[in-house]
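Architecture at a glance
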Protein chains: 2
Amino acid sequence: MSLKPSIPKGTRDFSAKELAKRNYLKIILKNAFESFAFEPLETPSFEKTSTLTGKYGEEGDRLIFKILNSGEKLKKADLKSLKNNNLKKFSNSLSEKALRYDLTVPFARYVSSHQNDLIFPYRRYQIQNVWRADRPQYGRFQEFCQCDADIVGDKSLWQEVEMISLCDRVFNDLKLTGATIKINHRNIIEGICKLMGEEANLIDFTIAVDKYHKVGLKGVEKELIDKGFSEKAINKIKPIIGLKGSALGVLKKIESIFNENGIEIKGVDDLRFIFNIIDKNNLKSTKLSLDLTLARGLNYYTGMIIEVLPPDSFKIGSIGGGGRYDDLTSSFGMKKTSGIGFSFGFDRIFLVLDELNLFPENISKNSKILFLNFNSKCTEIAYKCLDKLRSKNIVSELYPSQVKLSKQLSYANKKKIPFVVIIGDEEIEKNQFVLKDMISGNQISKPIANLFKILVDISHF
Amino acid sequence: MSLKPSIPKGTRDFSAKELAKRNYLKIILKNAFESFAFEPLETPSFEKTSTLTGKYGEEGDRLIFKILNSGEKLKKADLKSLKNNNLKKFSNSLSEKALRYDLTVPFARYVSSHQNDLIFPYRRYQIQNVWRADRPQYGRFQEFCQCDADIVGDKSLWQEVEMISLCDRVFNDLKLTGATIKINHRNIIEGICKLMGEEANLIDFTIAVDKYHKVGLKGVEKELIDKGFSEKAINKIKPIIGLKGSALGVLKKIESIFNENGIEIKGVDDLRFIFNIIDKNNLKSTKLSLDLTLARGLNYYTGMIIEVLPPDSFKIGSIGGGGRYDDLTSSFGMKKTSGIGFSFGFDRIFLVLDELNLFPENISKNSKILFLNFNSKCTEIAYKCLDKLRSKNIVSELYPSQVKLSKQLSYANKKKIPFVVIIGDEEIEKNQFVLKDMISGNQISKPIANLFKILVDISHF
């Protein structure tokens, strides 16, 4: 049967050219993680369904790819649920395993089950694919790469500083300047809610305020009023949201407002510590910016919250984010373990680097040298030399068959191989070889005795 | 809800220690592939079910992990098939995508769909995980890594030579000596069948003869007789199976027997070419050995067949295999494309290296330096230095909180961090730091001005 081959929507094949770039980005991340003493971890592509469900909210659960049971187990299909249109229950009766939806839950599962052999604070990084049954669109895929760094088992604010330094290190190594690390603290958001007398509506508040940069203060106000916040309450916080000036200055003002109203200032203290250290050490490529409207995934974070935005010209949202969490492993029976994590948005960072031409040239491992193929004496010399070049990791190849010269040269041209070695009958008679520079078209004759040495020399260009 | 966390059977978590070894092996494979001018390729983890099914035989199809459709699509469940116990049809009604079962079929799919933009001969390597719903056992997993190299679009026997050289290169780089590359040719097996007058029963013959090393000649004979081969036919081939001596000598004898019986000698010619080239170039770590009973997956291979066995002491079967195929892409509508491939058995090679202690020491990227944490002056100096060390990819960390000395030292000990830097009140007063060698226990005082330089120097040990 002949099929028109294609791949599922939202998935990608990666050719050598794309992989060279992806690999460049991965190596920079890996080196940064490792220099910061994060240890690598890899978890299985699929977990037990029970490990994943209930961790990502209703919407998240719906986007988890489930693996169909095989063989006789299929007979356990819960047909009654299907009939009752309970598709969730029906699918659970057909599946016991599911593909990794993120790296955080498998990490929490790993930490919980290895809590007795890990050394805390445990710092791990993980660069692996995750899968989501999301509708594919520009920059959004069903299979994509996540790059996470987490530290668990320690509450020191130095870990917050580490995460910000790590971000800066990565973007500096990538030569990407102008990214902004926005920072906020759950405790400050809680304080603001308290100030309004709306502690009970924290989630509604954060959902509204998170849209500040899209809809402006007016938009946030409107949403809050729609949700039942009083105008009086909103007026109380306007001066805070509108605070201008240095981060330390703004924090000082918040502190005095909170103090006046008997509100806890832990968040202010934490951020002040962080800004003080960062100010002393200077970030290289990014800037740290206090943003009192930043609230990403608040029901998850318990302390500092950060998010990285690309340089101003890019309108693709955040290229990374993270924060402090205090209760990640409790659903796996390991209570009160504080942690902090950051996730780099691999595909979005890739798009930014590509757009700005920040991928270095010559990262593809193209063949440097092609030996043309004329006769068995020629191939004998070529193959011995090839073996030595390859031992030195010099990428090189022999044209596999004795076809006409033009076809062999055309192969070198198409593959952009810079040097071609010709050892034809004439050359063998003179104990020479011809080296052809495929870019300039120049060619020189040299003694065969020097073949290896000359090829090693040119391969460094 | 509290769950006891565990992972699905047949899957694995990889800690830093294991990943250091796996990474070592991957880098050696990658360097070898790239030196031989193979380009990397990565394909999606899941393919359309129709791309995969029907390619691996009935047994293979059963072992493919299918992904359950989500949402409304579940309503298309073919309940009639379930009722009729046609589980295959039932599962197909619930799934449109399936996890990669090997790298060969996705590769064939890729080549077919990119046949107009690829440059042939196209050489690609692919190192990715595959998934099989196989019963887990020692050394067999449901998720495991495959490492394949293929060349398509060329029939030259130089490609066969390349594959053998590649094998030798990899095992030489791994310092694994004593592996044997067994070689045979489909055309020779066909010739032997013809000699018996049993061309029609080629598959039965290969299944029987493939067991030669397990059951011996008697065993093979018995199976052939059970399958209806005549004693007369079997006697005709006994002298061939029993041939002793050099490969070229054996090939010569086969040639004369085939010639006497009017049987094609293409297989003999091919193998003679290969042995001649290999003999001239000397394999470094492996030996090439003609094995007329080697028949792996014959319905797939059309020319040379090879298989690598580990050193004699290991009884774990082959650690790699491959061969020439002529029709891999035709099921995707691309006819008559000859190719050759080889697959390294990553997990089995890993077991062999581990058993023989062939993984180098010090491949883990452990922290080299820990700065202890006493006060804010100390951390300020430490953090500035840390930043510079990490820019040089020297793995280093700061103990995150000001706990008592013994706890901080115990952390360094447990994590096997070789050097610890102490900048306490006393040291700050003298403008000095103490460097403690955690292995010898020795410690020295040095001026803080030299901190960075001294740490860079010791980190090279």
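Because the structure is predicted, anything quoted here is derived from the model rather than measured.

Take the overall build of chain A next. Along the backbone of chain A there are 18 helices and 16 strands. Taken over the C-alpha trace, chain A has a radius of gyration of 29 Å; the compact-globule value for 461 residues is 23 Å, which it surpasses by more than 25%. Expressed as lengths along the three principal axes of its C-alpha atoms, the size of chain A is roughly 95 × 65 × 45 Å. When each of the 461 residues of chain A is scored for burial, the buried share is 56%. Only carbon and sulfur atoms are counted for the fraction: they give 50% of the accessible area of chain A, which is about 20,700 Å². Of note, chain A has its 71 positive side-chain charges centred 4 Å away from the centre of its 56 negative side-chain charges.

Bringing the interface of chain A and chain B into the picture now. One widely used convention gives an interface's size as the accessible area the parts lose upon coming together. With 102 residues of chain A at the interface, the matching set in chain B holds 102 residues. With both chains or domains summed, chain A and chain B bury close to 8,800 Å², and 58% of this area falls on carbon and sulfur atoms. If you sort the residues of chain A by the area they bury against chain B, L68, W158 and Y383 of chain A come out on top, with a joint share of 8%. Notably, a salt bridge pairs K284 of chain B with D387 of chain A, separated by 2.9 Å at the nearest N-O pair.

As a further point, take the sheet that holds strand β16 (residues 443-447) of chain B. All names here are of chain B. With respect to topology, 5 strands assemble into an open sheet ordered β13-β12-β14-β15-β16, the strand pairing being mixed. Two strands bound the open sheet, and with one partner strand each, they are β13 (396-398) and β16. Averaged over neighbouring strand pairs, the angle between their axes works out to 25° when direction is ignored. Examined bridge by bridge, strand β15 (residues 432-437) and β16 share 5 bridges and lie antiparallel to one another. If you follow F433 over to β16, its bridge partner there is K446. On top of the sheet, helix α15 (residues 376-391) reaches β12 (369-371) and β13; it is set at about 160° to β13, its chief contact. Those strands touched by helix α16 (residues 405-414) are β12, β13, β14 (419-422) and β15, and its axis lies near 165° from that of β12.

Our next topic: the pattern of salt bridges. With the rule as written, the count across this model stands at 62 salt bridges over all chains. Between K227 of chain A and E223 of chain A there is a salt bridge, and its shortest N-O distance comes to 2.9 Å. In this structure, E397 of chain B and K415 of chain B form a salt bridge, with 3.2 Å as the shortest nitrogen-oxygen distance. Of this pair, E397 of chain B sits in strand β13 while K415 of chain B sits in the loop between α16 and β14; the two residues are 18 residues apart in sequence, bridging distant segments of the chain. Owing to a relative accessible area of 1%, E397 of chain B belongs among the buried residues under this scheme. Given a relative accessible area of 10%, K415 of chain B falls into the buried group. When salt bridges with common partners are traced through the structure, they connect R12, R22 and D347 of chain A into a single cluster.

Turning our eyes to something else, we now look at the side chain of S93 of chain B. Tracing the sequence through the fold places S93 of chain B in the loop between α5 (87-92) and β4 (95-99). Look past the residues within four positions of S93 of chain B in its chain and what remains in contact with it is N69, K76, A77 and D78 of chain B.

A few words now on helix α7 (residues 158-173) of chain B. Residues and elements named next belong to chain B. For α7, with 16 residues, the first-to-last C-alpha span of 22 Å sits near the 22 Å given by 1.5 Å per residue. Of all 16 residues that make up α7, 14 are buried, and the element is covered over most of its length. Phi for K175, located one or two positions after α7, is positive at around 60°.

Here we take up unusual backbone geometry. Negative phi values dominate among residues other than glycine, just as trans dominates among peptide bonds. Residue and element names in this part refer to chain A. Here the bond from F120 into P121 is cis, since omega is -5°, no more than 30 degrees from zero. The topology assignment puts P121 in the loop between α6 (104-113) and β5 (122-131). One non-glycine residue, A37, lies in the positive phi region at around 70°. When you line up the elements, A37 lands in the loop between α1 (16-35) and β1 (39-40). Overall, A37 belongs to the buried group, its relative accessible area being 5%.

Turning our eyes to something else, we now look at helix α14 (residues 346-355) of chain A. Among the residues of α14 of chain A, F346, D347, I349, F350, V352 and L353 of chain A are the ones counted as buried. Phi turns positive one or two residues past the end of α14 of chain A, at N357 of chain A, with a value near 55°.

All names here are of chain A. Ordered in space as β13-β12-β14-β15-β16, the 5 strands form an open sheet in which the pairing is mixed. Because the sheet does not close on itself, it has two edges, and the strands there are β13 (396-398) and β16 (443-447). Adjacent strand axes in the sheet meet at a mean angle of 25° when their direction is disregarded. Looking at chain direction, strand β12 (residues 369-371) and β13 are connected through 3 bridges and run parallel. Each residue of the ladder has a partner; that of L370, found in β13, is E397. Helix α18 (residues 451-458) rests against β12, β14 (419-422), β15 (432-437) and β16 of the sheet, and its axis sits at about 15° to β15.

Turning next to the pairing of strand β11 (residues 339-344) of chain A. Consecutive side chains along a regular strand alternate between the two faces of the sheet. Residues and elements named next belong to chain A. With 5 of 6 residues buried, β11 is to be regarded as a mostly interior element. Looking at chain direction, strand β6 (residues 143-152) and β11 are connected through 6 bridges and run antiparallel. Directly across from I151, in β11, lies its bridge partner I340. Where strand β10 (residues 320-325) and β11 come together, 6 bridges link them in antiparallel fashion. Bridge pairing in β11 links R324 to I340.

This part covers the relation of the copies chain A and chain B. Laying chain A over chain B is done by rotating through 180° and shifting 0.0 Å along the axis; what remains is an RMSD of 0.1 Å. Look at the turn and shift together and you get a two-fold axis relating the two. The share of interface residues of chain A whose copies in chain B are also at the interface is 100%, consistent with both copies meeting through the same surface.

Let us look at the packing of helix α1 (residues 16-35) of chain B against α7 of chain B. Pairs of packed helices are described in terms of their axes, by the angle between the two and the distance that separates them. All names here are of chain B. The N-to-C vectors of α1 and α7 enclose an angle of 145°; their axes lie 10 Å apart at closest approach. Both α1 and α7 take part in a crossing whose hand is right-handed. On the side of α1, the interface is formed by Y24, I28, L29, N31, A32, F33 and S35, while α7 contributes L166, R169, V170 and D173. Looking at the contact of α1 with α7, its residues break down into 7 nonpolar, 2 polar and 2 charged.

Turning our attention to the state of the cysteines. Disulfide: a covalent bond connecting the sulfur atoms of a pair of cysteines. Residues and elements named next belong to chain B. Going through the model one piece at a time under the given rule, you end up with 0 disulfides over all chains. Free cysteine: C167, not disulfide-bonded; nearest cysteine sulfur from C147 at 12 Å. Overall, C167 belongs to the buried group, its relative accessible area being 0%.

Examined against the element boundaries, K66 of chain A turns out to sit in strand β3 (residues 66-68). Of the side chains with opposite charge, D61 of chain A lies nearest to the buried K66 of chain A, which makes no salt bridge, at 7.5 Å. A distance of 3.0 Å separates polar atoms of two side chains, one belonging to K66 of chain A and the other to N92 of chain A. With residues near it in sequence (within four places) discarded, K66 of chain A still touches T49, K88, S91, N92, S95, K97 and A98 of chain A together with K66, I67 and L68 of chain B.

Residue and element names in this part refer to chain A. One pass over the structure, following the stated rule, counts 30 aromatic pairs over all chains. Measuring from ring centre to ring centre gives 6.0 Å for F171 and F344, while their planes differ by 55°; the resulting arrangement is tilted. One end of the pair, F171, is in helix α7 (residues 158-173); the other, F344, is in strand β11, and 173 residues separate them in sequence. The same class applies to F171 and to F344, which are both buried. Between Y300 and Y301 the ring centres are 5.0 Å apart and the planes differ by 80°, which places this aromatic pair in the edge-to-face class. A connected cluster of aromatic rings, assembled from ring pairs, spans F33, F38, Y125, F171, F342 and F344.

What follows covers the environment of S45 of chain B. Relative to the helices and strands, S45 of chain B resides in the loop between β1 (39-40) and β2 (46-48). Considering only alpha carbons, one finds S45 of chain B and N129 of chain B, 84 residues apart in sequence, at a separation of 8.0 Å. Those residues within four positions of S45 of chain B in sequence are excluded, and the remaining contacts are W131 and E143 of chain A together with A98, L99, R100 and W131 of chain B. Within polar-contact distance, the side chain of S45 of chain B engages the side chain of E143 of chain A at 2.4 Å.

Here is what the cut-offs are and how they apply
Residues numbered from 1 in each chain as written. Chains lettered and ligands numbered in written order. Predicted model: local features only at pLDDT ≥ 70, side-chain atom pairs only at ≥ 80, totals over all residues. Heavy atoms only, no water. Helix = DSSP H or I, 4+ residues; strand = E, 2+ residues; numbered from the N terminus. Rg over C-alpha atoms; globule rule 2.2 N^0.38 Å. Buried < 20%, exposed > 50% of the residue type's maximum accessible area, 1.4 Å probe, protein only. Areas by Shrake-Rupley, 256 points an atom, 1.4 Å probe, with all protein chains shown as cover. Lys, Arg positive; Asp, Glu negative; His and termini not counted. Charge placed at Lys NZ, Arg CZ, Asp CG, Glu CD. Contact = heavy atoms within 4.5 Å. Buried area = accessible area lost by both parts, 1.4 Å probe. Salt bridge = Lys/Arg side-chain N within 4 Å of Asp/Glu carboxyl O. Pairing = 2+ DSSP bridges. Axes fitted to C-alpha atoms, helices over the stretch in contact; angles between N-to-C directions. Expected span 1.5 Å × (residues − 1). Least-squares fit on C-alpha atoms with pLDDT ≥ 70 in both. Left-handed = near helix turned anticlockwise from the far one by under 90°. Nonpolar A, V, L, I, M, F, W, Y, C, P; charged D, E, K, R; others polar. Disulfide = S-S within 2.5 Å. Polar contact = N/O pair within 3.5 Å; in protein donor to acceptor, adjacent residues only side chain to side chain. Phe/Tyr/Trp six-rings, centres within 6.5 Å; stacked < 30°, edge-to-face > 60°.

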